[in-house]
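If you want the building blocks of each chain, they are given just below.
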Amino acid sequence: MKRLVLLVLLALPLCAVAQSDPGPDPKAPHTLRGVLLEQLKTTHNKKDWFVPVNTAVEGLTADQAKWTDGKGNHSVGQLANHLLFWDEHELARFKGEKPQAYNGNNDETFNDFDAKKWNETVKNLDAVLTDWEKAVEAADDQKLAAWASSIAHVGAHNAYHVGQIIFVRKEQGVWNPENGVK
């Protein structure tokens, strides 16, 4: 009898947790296309669990974009340039086009940043992310299924580097915590 009472007492917290779990978000997408679009949009311009890239680079001057901490870490501009390169490269592949040349040296995708072209880099990054969303919207289900892992990696890669951009801005003292990260 004591064991039964002990078992019931141990199970009570589990019941409380089960009752308080609201389950999946009913507004969350329920298709592969919807999930991939959500990932792309939340790393582009839709604030959700984390800050999107458009917010992360918004309001930076070219001088601020080229700032580094002097410890070998990338600048915001270098990170944005890297994202632009890989998003364009993978989108070209997805569309069946020839991607821009890549010699295998990933450092060049960062170090090719030109502060004089900062505004153009921001504009082009926004454009390629918009193009990604349009391409996913237009793709047939078979192509989406074949490319799902790669598209998900594009979103994860973008989110990773957006986090770095915010960190660099915080280190530099040019991040407004009202934009989403305290």
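You'll find the structure just up there.
Residues numbered from 1 in each chain as written. Predicted model: local features only at pLDDT ≥ 70, side-chain atom pairs only at ≥ 80, totals over all residues. Heavy atoms only, no water.

Concerning the pattern of salt bridges
One side chain can pair with another of opposite charge once the charged atoms of both are near each other.
Part 1 of the reasoning: If you walk through the whole model with that rule in mind, you get four salt bridges.
Part 2 of the reasoning: Across the pair Arg-33 and Asp-141 runs a salt bridge, and its minimum N-O distance is 2.7 Å. Within this pair, whereas Arg-33 is found in helix H2 (residues 32-44), its partner Asp-141 is found in helix H8 (residues 141-172), the two being separated by 108 residues in sequence.
Part 3 of the reasoning: Judged by its relative accessible area of 58%, Asp-141 is exposed.
Part 4 of the reasoning: The salt bridge partner of Glu-137 is Lys-41, with a shortest N-O separation of 3.8 Å. On the criterion of sequence distance, the pair formed by Glu-137 in helix H7 (residues 118-138) and Lys-41 in helix H2 is long-range, its members being 96 residues apart.
Part 5 of the reasoning: Looking at Lys-41, the relative accessible area reads 29%, which means it is partly exposed. (Salt bridge = Lys/Arg side-chain N within 4 Å of Asp/Glu carboxyl O. Helix = DSSP H or I, 4+ residues; strand = E, 2+ residues; numbered from the N terminus. Buried < 20%, exposed > 50% of the residue type's maximum accessible area, 1.4 Å probe, protein only.)

Digging into a negative patch on the surface
Part 1 of the reasoning: Among the surface-exposed residues, Asp-107, Glu-108, Asp-112, Asp-114 and Glu-120 lie close enough to one another that they form a single negatively charged patch.
Part 2 of the reasoning: Within the fold, Asp-112 resides in the loop between helix H6 (107-111) and H7. (Patch = residues over 30% accessible without salt bridge, like charges linked within 9 Å, V, L, I, M, F, W, Y side chains within 5 Å. Areas by Shrake-Rupley, 256 points an atom, 1.4 Å probe, with all protein chains shown as cover. Lys, Arg positive; Asp, Glu negative; His and termini not counted. Charge placed at Lys NZ, Arg CZ, Asp CG, Glu CD.)

Here we look at the environment of Ala-152
Part 1 of the reasoning: Its location among the elements puts Ala-152 in helix H8.
Part 2 of the reasoning: For the pair Ala-152 and Val-35, spaced 117 residues apart in the sequence, the C-alpha separation amounts to 8.9 Å.
Part 3 of the reasoning: With residues near it in sequence (within four places) discarded, Ala-152 still touches Leu-36 and Gln-39. (Contact = heavy atoms within 4.5 Å.)

Focus: the side chain of Thr-109
Part 1 of the reasoning: Along the polypeptide, Thr-109 turns up in helix H6.
Part 2 of the reasoning: Here His-82 takes part through its side chain, which lies 2.6 Å from a polar atom of the side chain of Thr-109.
Part 3 of the reasoning: Beyond its immediate stretch of four places on either side in the chain, Thr-109 contacts Gln-78, Asn-81, His-82, Phe-85, Trp-86 and Tyr-102. (Polar contact = N/O pair within 3.5 Å; in protein donor to acceptor, adjacent residues only side chain to side chain.)

Description of helix H5 (residues 76-94)
Part 1 of the reasoning: Under the 1.5 Å per step criterion, the end-to-end length of H5 is 27 Å for 19 residues, consistent within 8% with the ideal 27 Å.
Part 2 of the reasoning: H5 sits mainly inside the fold: 17 of its 19 residues count as buried.
Part 3 of the reasoning: In the stretch just after H5, Gly-96 is the one whose phi turns positive, near 80°. (Expected span 1.5 Å × (residues − 1).)

Points about the packing of H2 against H7
Part 1 of the reasoning: Axis separation between H2 and H7 bottoms out at 10 Å; the angle between their running directions is 170°. Regarding the angle of H2 to H7, the classification is roughly antiparallel. Mapping the contact onto sequence places Arg-33, Leu-36, Leu-37, Leu-40, Lys-41, Thr-43 and His-44 in H2 and Asp-126, Leu-129, Thr-130, Trp-132, Glu-133, Val-136 and Glu-137 in H7.
Part 2 of the reasoning: Residue composition of the contact of H2 with H7, by class: six nonpolar, three polar and five charged. (Axes fitted to C-alpha atoms, helices over the stretch in contact; angles between N-to-C directions. Parallel < 35°, antiparallel > 145°, perpendicular 65-115°, else oblique. Nonpolar A, V, L, I, M, F, W, Y, C, P; charged D, E, K, R; others polar.)

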